[in-house]
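Chains, contacts and geometry: an overview
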Amino acid sequence: MTEIRDYIDHISPMNEGDWDFFSSKLKKVQFDKNSTILELGKIEKHLSFISKGIIRLYIPTEESDVTFGFLFENEFVTAYDSFLTQTPSEYEMETLTESVLWQISHKDLQEVYDKTENGNIIGRRMAENMFLIKSKRELSFLSKSAEERYLDLFMGRPRLLRQIPLKYIASYIGVTPQALSRIRKRIT
């Protein structure tokens, strides 16, 4: 649980009382590799902090899934639109490795916002960060080549990316697995 405390304190330090209240709402959940965290059409009920593991966000289709996000250790993960609106999710989340998450329910998070000194500040900054990640991804699709998108992804977390199947990386950068293979050959 120290990872989540460090993460939050980096955003906006919590006093001990607020931390005790917040941490009392967290539940540790473990998942095996390739476990579904959220199914299409289900309502996202938790905001989760990844203590260990890699999570993939994707839209399942008949032909092949469309991967649009990877989240790693020491990051928050949720189907944020479903979580905020408490409506069914239009995508799924799954673990790509054994994973350990610290989860807080939507109801409990609202209580943290109401009853802590800086819960709202932390929530706002996390929402801003999620927006920036989404915006950066959209801009990269509009302004960068597939090779540049791959390099951006690879440069950020080369060790962790080795744990992600190439078909998911290809989908994430918007190319076929064969095109990704050609990109990888060109840059090595």
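That block above? That's the structure.
These remarks concern the structure in this document. (Residues numbered from 1 in each chain as written. Predicted model: local features only at pLDDT ≥ 70, side-chain atom pairs only at ≥ 80, totals over all residues. Heavy atoms only, no water.)

This paragraph deals with the overall build of the protein. In terms of regular secondary structure, the protein is built from 9 helices and 8 strands. Against the compact-globule benchmark of 16 Å for 188 residues, the protein has a radius of gyration of 17 Å, which places it among compact chains. Considering only C-alpha atoms, the protein reaches an extent of 55 × 30 × 30 Å along its principal axes. For the protein, buried positions account for 45% of its 188 residues. In the protein, the share of contacts with a sequence separation of at least 24, taken over all contacts with a separation of at least 6, comes to 72%. In the form shown here, the protein has an accessible surface area of approximately 10700 Å², with 52% of it arising from carbon and sulfur atoms. (Helix = DSSP H or I, 4+ residues; strand = E, 2+ residues; numbered from the N terminus. Rg over C-alpha atoms; globule rule 2.2 N^0.38 Å. Buried < 20%, exposed > 50% of the residue type's maximum accessible area, 1.4 Å probe, protein only. Contact = heavy atoms within 4.5 Å. Areas by Shrake-Rupley, 256 points an atom, 1.4 Å probe, with all protein chains shown as cover.)

Strand order in the open sheet formed by 4 strands is E1-E8-E3-E6, and the pairing between neighbours is antiparallel. At either margin of the open sheet sits one strand with a lone partner, and together these are strand E1 (27–31) and strand E6 (76–77). Bridge count between strand E3 (residues 46–52) and E6: 2 bridges; the pairing is antiparallel. Residue pairing across strands places Phe49 opposite Phe76, the latter belonging to E6. Relative to strand E8 (residues 99–105), helix H4 (residues 106–115) is tilted by about 65 degrees, and along the sheet it contacts E3 and E8. (Pairing = 2+ DSSP bridges. Axes fitted to C-alpha atoms, helices over the stretch in contact; angles between N-to-C directions.)

Reading across from one edge, E2-E7-E4-E5 is the order of the 4 strands in this open sheet, with antiparallel pairing throughout. Only two strands of the sheet have a single partner each, and these edge strands are strand E2 (36–38) and strand E5 (66–71). Taken over all neighbouring pairs, the strand axes of this sheet differ in orientation by 30 degrees on average, direction set aside. In terms of strand pairing, strand E4 (residues 55–59) meets E5 through 5 bridges, oriented antiparallel. Within the sheet, the bridge partner assigned to Tyr58 lies in E5 and is Thr67.

Counting 18 residues, the largest nonpolar core has Ile4, Ile8, Phe22, Leu47 and Ile104 as the members making the most contacts within it. Counting only elements with at least two residues in this core, the list comes to helix H1 (2–11), helix H2 (16–24), E3, E8, H4 and helix H5 (119–143). Residue contacts for Leu47: discarding those within four places in its chain leaves Phe76, Val77, Thr78, Phe83, Trp102, Gln103, Ile104, Leu109, Met126 and Met130. Ala146, Leu153, Tyr168 and Ile183 belong to the second-largest nonpolar core, a separate cluster that totals 17 residues. (Core = buried A, V, L, I, M, F, W, Y, C linked by side-chain atoms within 4.5 Å.)

With that out of the way, let us pick up H1. In an α-helix, one turn spans 3.6 residues, which is why side chains three or four residues apart end up on the same side. If you check which residues of H1 are buried, you get Ile4, Arg5, Ile8 and Ile11. The buried residues of H1 occupy an angular sector of 120 degrees when projected down its axis, which confines them to one face. Every exposed residue of H1 that faces more than 90 degrees away from the buried side is listed here: Thr2, Asp6 and His10. For H1, the elements touching its buried residues are H2, E3, E6 and H5. (Arc of directions from axis to C-beta.)

Moving on to the packing of H2 against H4. One way to put it is that H2 packs onto H4 with a least axis distance of 10 Å and a crossing angle of 170 degrees. What the angle tells us is that H2 and H4 run roughly antiparallel. Between H2, through Asp18, Phe21 and Phe22, and H4, the contact on the second element is made entirely by Glu111, Val112 and Lys115. Residue classes in the contact of H2 with H4 are distributed as 3 nonpolar, no polar and 3 charged. (Parallel < 35°, antiparallel > 145°, perpendicular 65-115°, else oblique. Nonpolar A, V, L, I, M, F, W, Y, C, P; charged D, E, K, R; others polar.)

Scanning the model with the defined rule gives 11 salt bridges in all. A salt bridge links Glu98 to Lys52; its shortest N-O distance comes to 3.8 Å. Taken together, the residues Glu98 in the loop between strand E7 (92–95) and E8 and Lys52 in strand E3 connect sequence positions 46 residues apart. A residue is classified by how much of its surface remains accessible, and Glu98, at 48% relative accessible area, is partly exposed. With relative accessibility at 39%, the residue Lys52 sits in the partly exposed group. Lys115 is the partner of Glu111 in a salt bridge, and the nearest nitrogen-oxygen pair spans 3.2 Å. Of the two residues, Glu111 and Lys115 are both situated in helix H4; the distance of 4 residues between them amounts to about one turn of the helix. Salt bridges sharing partners connect three or more residues here, namely Arg5, Asp9 and Glu16. (Salt bridge = Lys/Arg side-chain N within 4 Å of Asp/Glu carboxyl O.)

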